[in-house]
Amino acid sequence: MAFATSRLLVRTRAHSAIMKNRNDSIIRASTVLLKSQQFSTNNDPIRDKTVHMTSSRGVNVLHDPLLSKGTAFSIDERERLAIRGLVPPRCQEMDKQILRVKHNLDICETPLSKFIFLAALQDRNETLFYKLLIEHLEELAGIIYTPTVGLASQRSHSIYRRPRGMYFSSQDRGNMSAMVYNWPQDEVDVIVVTDGSRVLGLGDLGANGMQIPIGKLSLYVAAGGIRPRAVLPVVLDVGTNNEALLNDPLYLGMGHPRLEGDDYYAFVEEWITAIMTRWPSNVSNIITIHVLIQFEDFKYPHAYNLLNKYRDRITCFNDDIQSTSAITLAGILASLKARGLAQEDLSNERIICVGAGSAGVGVCEGIIDCMVDQGKVKTREEAYRRIYMLDQNGLLGNSAVSAGDKSRVMQGPERPKGSLDERQLCYVKSDLPDRMNLEDLIEEVKPTVLLGLTGIGGVFSEKAIRTMAQHNEKPVIFPLSNPDTHAECTAEQAFKWTDGKAIFASGSPFKDVKLPNGKIGRTNQCNNSYSFPGIGLGVVTSKASRVSPEMFLEAAKAIADIATPSQLKEGILFPGVSQLRHVSNKVATRVCEVAYQQGLTTKKLKEGEVLADLVRDSMYDPEYVPLVNHHHMA
Ligand SMILES: NC(=O)C1=CN([C@@H]2O[C@H](COP(=O)(O)OP(=O)(O)OC[C@H]3O[C@@H](n4cnc5c(N)ncnc54)[C@H](OP(=O)(O)O)[C@@H]3O)[C@@H](O)[C@H]2O)C=CC1
Ligand SMILES: CC(=O)C(=O)O
Ligand SMILES: [Mg+2]
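About the cut-offs
- Residues numbered from 1 in each chain as written.
- Chains lettered and ligands numbered in written order.
- Predicted model: local features only at pLDDT ≥ 70, side-chain atom pairs only at ≥ 80, totals over all residues.
- Heavy atoms only, no water.
- Donors = N, O, S within 2.8 Å, 3.2 Å for Na, K, Ca; no water.
- Buried < 20%, exposed > 50% of the residue type's maximum accessible area, 1.4 Å probe, protein only.
- UniProt positions renumbered as here; feature names shortened; annotations may be inferred.
- Contact = heavy atoms within 4.5 Å.
- Pairing = 2+ DSSP bridges.
- Helix = DSSP H or I, 4+ residues; strand = E, 2+ residues; numbered from the N terminus.
- Axes fitted to C-alpha atoms, helices over the stretch in contact; angles between N-to-C directions.
- Core = buried A, V, L, I, M, F, W, Y, C linked by side-chain atoms within 4.5 Å.
- Right-handed = clockwise from strand over helix to strand, strands pointing away.
- Patch = residues over 30% accessible without salt bridge, like charges linked within 9 Å, V, L, I, M, F, W, Y side chains within 5 Å.
- Areas by Shrake-Rupley, 256 points an atom, 1.4 Å probe, with all protein chains shown as cover.
- Salt bridge = Lys/Arg side-chain N within 4 Å of Asp/Glu carboxyl O.
- Near = heavy atom within 4 Å.
- Polar contact = N/O pair within 3.5 Å; in protein donor to acceptor, adjacent residues only side chain to side chain.
- Nonpolar A, V, L, I, M, F, W, Y, C, P; charged D, E, K, R; others polar.
- Disulfide = S-S within 2.5 Å.
- Lys, Arg positive; Asp, Glu negative; His and termini not counted.

### A few points about the coordination of the magnesium ion (ligand 3)
Ideal geometry at a metal gives 109.5 degrees between four tetrahedral donors and either 90 or 180 degrees between six octahedral ones.
Right, on to step 1. Around the magnesium ion (ligand 3), the protein supplies Glu296 (OE), Asp297 (OD) and Asp320 (OD) as donor atoms, at distances of 2.0 to 2.1 Å.
Right, on to step 2. Sequence positions of the residues that donate to the magnesium ion (ligand 3) give the spacing E-D-x22-D. By the burial criterion, Glu296 is buried, and Asp297 matches it.

### Some details on the UniProt feature "active site" (unreviewed entry) in the protein
Right, on to step 1. Under the UniProt annotation, "active site" (unreviewed entry) lies at Tyr145 and Lys216. A compact arrangement is adopted by the annotated residues: their sequence extent is 72 residues, whereas the largest C-alpha distance between any two is 7.2 Å.
Right, on to step 2. Its relative accessible area of 7% is what places Tyr145 among the buried residues.
Right, on to step 3. Not counting residues up to four positions away in its chain, the partners in contact with Tyr145 are Lys216, Leu219, Asn527, Asn528, Ser529 and Phe532.
Right, on to step 4. Those residues in contact with Lys216 that lie beyond four places of it in its chain are Tyr145, Val192, Gln294, Glu296, Asp319, Asn528 and Phe532.

### A word on the sheet that holds strand 3 (residues 166-169)
Right, on to step 1. In spatial order, the strands read 3-5-4-6-7; together these five strands make up an open sheet with parallel pairing. Here the strands that pair on one side only, and so sit at the sheet edges, are strand 3 and strand 7 (316-318). On average, adjacent strands in this sheet sit at an angle of 20° to one another, irrespective of strand direction.
Right, on to step 2. Pairing between strand 4 (residues 190-194) and strand 5 (residues 231-237): five bridges, direction parallel. The residue bridging Val193 from the neighbouring strand is Val234, located in strand 5.

### As for the nonpolar core
Right, on to step 1. In terms of nonpolar packing, the biggest core is built from 156 residues, with Phe168, Ile191, Trp271, Ile293 and Ile367 touching the most fellow members.
Right, on to step 2. Residue contributions to this core peak at ten residues, all from helix 16 (residues 319-338).
Right, on to step 3. Once you skip the residues sitting within four places of it in the chain, Ile191 turns out to touch Leu232, Val234, Trp271, Ile275, Trp279, Val291, Leu292, Ile293 and Gln294.
Right, on to step 4. Core analysis: the second largest hydrophobic core is formed by 26 residues, Ile352, Phe460, Phe495 and Val513 among them.

### Concerning the pairing of strand 6 (residues 292-295)
Right, on to step 1. Neither face of strand 6 is exposed, since Leu292 and Gln294 on one face and Ile293 and Phe295 on the opposite face are all buried.
Right, on to step 2. In terms of strand pairing, strand 4 meets strand 6 through four bridges, oriented parallel. Residue Val190 lies in a different strand from strand 6, and its bridge partner there is Leu292.
Right, on to step 3. Note: strand 6 against strand 7, three bridges, orientation parallel. Considered in strand 7, the bridge of Gln294 is made with Phe317.
Right, on to step 4. In the classification by handedness, the crossover that spans strand 6, the intervening helix 15 (residues 302-310) and the parallel strand 7 is right-handed.

### Remarks on the sheet that holds strand 13 (residues 503-506)
Right, on to step 1. If you trace the seven strands from one edge of the open sheet to the other, you get 10-9-8-11-12-13-16, paired in mixed fashion. Bordering the open sheet on either side are strand 10 (394-395) and strand 16 (523-525), each of which pairs with just one other strand.
Right, on to step 2. Taken together, the two bridges between strand 9 (residues 387-391) and strand 10 define a ladder with antiparallel strand orientation. Across the sheet, residue Leu390 finds its bridge partner in strand 10, namely Leu395.
Right, on to step 3. Together, strand 8 (351-354), strand 9 and strand 11 (449-452) form the strand contacts of helix 17 (residues 358-374), whose direction differs from that of strand 9 by roughly 175°.

### Focus on a nonpolar patch on the surface
Right, on to step 1. Together, Tyr160, Tyr167 and Leu252 make up a nonpolar patch on the protein surface, roughly 300 Å² of accessible area in all.
Right, on to step 2. Of note, Tyr160 is situated in the loop between helix 10 (156-159) and strand 3.
Right, on to step 3. Here Tyr160 falls in the partly exposed class, since its relative accessible area comes to 38%.

### So, the site of ligand 2
Right, on to step 1. Around ligand 2, the neighbouring residues are Tyr145, Arg198, Leu200, Lys216, Glu296, Asp297, Asp319, Asp320, Asn482, Asn527 and Asn528.
Right, on to step 2. Between Arg198 and ligand 2, the recorded distance is 3.0 Å, taken from a side-chain N or O atom to an oxygen atom.
Right, on to step 3. Contacts to ligand 2 include Lys216, whose side-chain N or O atom sits 2.9 Å from an oxygen atom.
Right, on to step 4. Expressed as a share of its isolated accessible area of 210 Å², the protein-covered part of ligand 2 is 91%.
Right, on to step 5. Residues belonging to the shell around ligand 2 are distributed by class as follows: two nonpolar, three polar and six charged.

### Digging into the pattern of salt bridges
Right, on to step 1. One pass over the structure, following the stated rule, counts 36 salt bridges.
Right, on to step 2. Note that Glu623 and Lys131 form a salt bridge whose closest N and O atoms lie 2.8 Å from each other. Separated by 492 residues along the polypeptide, Glu623 in the loop between helix 28 (611-618) and strand 17 (627-629) and Lys131 in helix 7 (residues 126-135) bring together distant segments of the chain.
Right, on to step 3. Residue class for Lys131 comes out buried when judged on its relative accessible area of 18%.
Right, on to step 4. When the shortest N-O distance is used, the salt bridge between Asp512 and Arg522 registers 2.8 Å. Here Arg522 lies in the loop between strand 15 (520-521) and strand 16 and Asp512 lies in the loop between strand 13 and strand 14 (513-514), a separation of ten residues in the sequence.
Right, on to step 5. Counted as one network, the salt bridges with shared partners bring together Asp373, Glu554, Lys557, Arg590 and Glu593.

### Some remarks on the site of ligand 1
Right, on to step 1. What surrounds ligand 1 is a group of 27 residues, the closest being Arg198, Ala356, Ala359, Gln392 and Asn528.
Right, on to step 2. Take Arg198: an N or O atom from its side chain is 2.8 Å from an oxygen atom of ligand 1.
Right, on to step 3. Taking Asn528, its main chain carries an N or O atom lying 2.9 Å from an oxygen atom of ligand 1.
Right, on to step 4. Calculation on ligand 1 without its partners gives an accessible area of 930 Å², and the protein chains cover 83% of this total.
Right, on to step 5. The biggest single contributor to the shell around ligand 1 is helix 17, with three residues.
Right, on to step 6. Among the residues making up the shell around ligand 1, the classes are represented as ten nonpolar, 14 polar and three charged.

### Points about the state of the cysteines
Every disulfide links exactly two cysteines, by a covalent bond between their sulfur atoms.
Right, on to step 1. Evaluation of the coordinates by the stated rule reveals zero disulfides.
Right, on to step 2. Distance from the sulfur of Cys592, which forms no disulfide, to the nearest cysteine sulfur (Cys316) is 18 Å.
Right, on to step 3. Its relative accessible area of 0% is what places Cys592 among the buried residues.

### Let's talk about the side chain of Ser548
Right, on to step 1. Position of Ser548 relative to the elements: it lies in the loop between helix 24 (532-542) and helix 25 (549-560).
Right, on to step 2. Side-chain polar atoms of Ser548 contact the side chain of Gln598, separated by 2.6 Å.
Right, on to step 3. If sequence neighbours within four positions are ignored, Ser548 has contacts with Val594, Gln598 and Leu600.

### Some details on the side chain of Glu439
Right, on to step 1. Position of Glu439 among the secondary structure elements: in helix 21 (residues 438-445).
Right, on to step 2. Buried Glu439, no salt bridge; nearest opposite-charge side chain is Lys463, N-O distance 6.4 Å.
Right, on to step 3. Here Ser461 takes part through its side chain, which lies 2.5 Å from a polar atom of the side chain of Glu439.

Right, here's the structure in full:
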């Protein structure tokens, strides 16, 4: 707690230094943490922790999801916050509230109605929402995150109830640096931003994409221990090319086609500048405030272009490119052990990646980084030879080289169809028939690992998977596209077509499969939700100024080391989703170590301070803390 308090003091000082003429509303809305001993009273349910100081009173407390405790306000609190009589008389603590909300959740009949129920709970009482989410993470991650968040995104405009996060649209150009002050929280640790252009494997969903940053940030809090008041979901509404949404009278985003080219990049630049004005992410001796920006579900090549433009300027990363690479590499490293090989044997693997977009290229770059790091290949070029990449037209081959050239990289959408950019060109195999199809390629190169990052359901055919099984004792089959309906194959299919031999991991959850021989085919979820919360927590805790490639490599190694030998033998590569907090803790500690090793932080450690303890102690835990009103103190 000492850490949280001192962090606040640093932030408060820095904020007052850089933002003198602050809008009053921000000050009104601010809530300050103080040591509890000063204010706790005998009747407060939780003592010796913290109290929240707030300027709110009466119904404003009840209606603020960050402050509300529903029925759990103590009598003292009801008195001093002027809510006496505004809630039922019995002070009912959190365990009873959990019983009630879980019961009401369980009687919701469809995943979408559960999603709506949970969103409503988050909108009225975030502490209770996160308590429920953490206690039932395995079950509820599939609702607030993939796969149900996919359906919720498609229907977002028709299920809309209350706003959450911030929208910056084409009509806000020129106003963004003023708009950022409308956000009521001074302290923001993590922003997840999307332009809704490639939402999971569901394509362009425009402003409906907001559900993705909201879901990701809920996991940041539940799994990564970031404080709920310090997260900000954002949509950059640059229009949509989704005709169905444009023609839908209920659609809530801008009704014009997407901005492209210079207009698009200028729009994003204005937004970044506005964010940096309010929440700078530079390190100096005076300013140590950080906001971490996670780019999410931007289509190719915008995703790469934005990452390359900003990665050395601000504290940011791209989730689909970089955190996906960390978890997929972790899965492959763990699978080596599950196959009785050493992790250092990675460069002996032959890997096919179906999908040459942000995630496919990002994942393969991470594998190459690891091969080079292990030192068994002498050059990156040698490592590229171990990976075979396909797009819609088949194996990346010579015809695509001649159709494209490097000068076209930044022009993105104007690039001729079928041509490759400089990232994809590295994977071209000139010695194999041009644009070979997946089945023939598997027959030819006898890969050990098959990755799917296409966004297209069913791309792994029966023949492809059966051929994998012919050549491997334990074929590694990773259909990683989301949501589940867009997975390249199902778990049933993978186990059936390999006679139960597959080592299986998917982007969205699949149930274990009962095999004809009575054994169980184990499924794993290989999703960046295993990596981004810990990476973010590590960056926020260490106050790292940049997110470096080594952080993702080390995150992968940390995750690959968690499964026990007996789990690996059964085909279990990662701990279950219920263990995500534990995974994040491990990842964050490693990320902090990298931040210090690489000199990316100026934060001083106290004598004897241990990074693992620092990470653990900084993780948010949803408990009610006593609330005190400023006026009550006066
Ligand atoms: N498990 C996880 O943690 C993550 C999963 N993903 C999933 O990965 C998927 C792809 O995301 P992303 O890379 O950003 O998307 P992109 O649109 O950038 O890339 C998709 C790629 O798939 C290729 N493709 C499309 N159809 C086929 C096909 N039938 N056969 C072979 N290749 C095909 C496309 O080729 P072309 O260019 O020729 O059209 C393109 O190269 C999504 O479903 C997403 O949900 C993403 C991030 C994390
Ligand atoms: C998981 C994720 O980030 C995606 O499917 O886009
Ligand atoms: Mg994504």
